[in-house]
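Topology and contacts: notes
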Amino acid sequence: MACVNLTGFGTGLRRKGGFATEAVMPKVFEKNGYTFFFYSNEHLPIHVHVRYGGGEAVFDVENEVELRESQRMKMSELRKAQEMAQENRSLILEKWYEHIG
């Protein structure tokens, strides 16, 4: 799947059927080296991805901010990411509905 690079968007590799494909990644915000984003082909429940260093985590944000999964992030980094997601929850929800629907 090909993609274009738009302002405020990045690209990333996602696995689909065992093959890596490119996906457009709408960026929600960046702060202190943490990047919060969605993939263009997202699904419910409402959630946000966050990257920091070489790690990534996913937080559900629909009802409250809860860690769903993480890879290669320290507990202190996850706590900081969760705090930032909580502080920016209304922005995350706004961007979700803007980009995902």
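Residues numbered from 1 in each chain as written. Predicted model: local features only at pLDDT ≥ 70, side-chain atom pairs only at ≥ 80, totals over all residues. Heavy atoms only, no water.

1. A short note on the overall build of the protein chain
The criterion, for reference: Counting from the N terminus, the helices are the DSSP runs of H or I reaching at least four residues and the strands are the DSSP runs of E reaching at least two. Burial classes follow relative accessibility: with a 1.4 Å probe on protein chains only, a residue under 20% of its type's maximum area counts as buried, one over 50% as exposed, and anything between as partly exposed. Two residues form a contact once any of their heavy atoms are found within 4.5 Å.
Scanning the protein chain from terminus to terminus reveals 2 helices and 6 strands. Listed by position from the N terminus, the elements making up the protein chain come as β-β-β-β-β-β-α-α. Looking at the protein chain as a whole, 37% of its 101 residues are labelled buried. In the protein chain, of all internal contacts separated by at least 6 residues, the share reaching a separation of at least 24 is 27%.

2. A few points about the nonpolar core
So the rule is basically this: The term nonpolar core refers to a set of buried residues drawn from Ala, Val, Leu, Ile, Met, Phe, Trp, Tyr and Cys, joined through side-chain atoms within 4.5 Å.
Ranked by size, the top nonpolar core spans 20 residues in total, and within it Phe 36, Val 48, Phe 59, Val 61 and Ile 92 carry the most contacts. Those elements that provide at least two residues to this core are strand E2 (19-31), strand E3 (34-37), strand E4 (47-52), strand E5 (55-60), helix H1 (75-87) and helix H2 (89-99). Examining the composition of this core, we find that 4 residues originate from one element, H1, more than from any other. When residues no more than four places from it in sequence are discounted, the contact partners of Ile 92 are Val 28, Phe 29, Phe 38, Val 48, Val 61 and Ala 85.

3. Let's talk about the pairing of E5
What counts, and what does not: The rule for pairing is simple: two strands pair if DSSP sees at least two bridges between them.
Among the 6 residues of E5, 5 are classified as buried, and the element is accordingly described as predominantly covered. Direction of pairing for E4 relative to E5: antiparallel, over a ladder of 6 bridges. Directly across from Val 50, in E5, lies its bridge partner Ala 57. Taking the residues that link successive antiparallel strands as the turn, the E4-E5 hairpin has 2 residues, and the phi of Gly 53 there is positive, at about 60°. Across 5 bridges, E5 lies against strand E6 (residues 66-71) in antiparallel orientation.

4. Examining unusual backbone geometry
In this structure, Pro 45 follows Leu 44 across a cis peptide bond, with omega equal to 0°. Mapped onto the fold, Pro 45 is located in the loop between E3 and E4. Even without glycine at this site, Asn 32 takes up a positive phi of about 50°. With respect to the element layout, Asn 32 can be found in the loop between E2 and E3.

Purely spatial values, then, with no claim about function.
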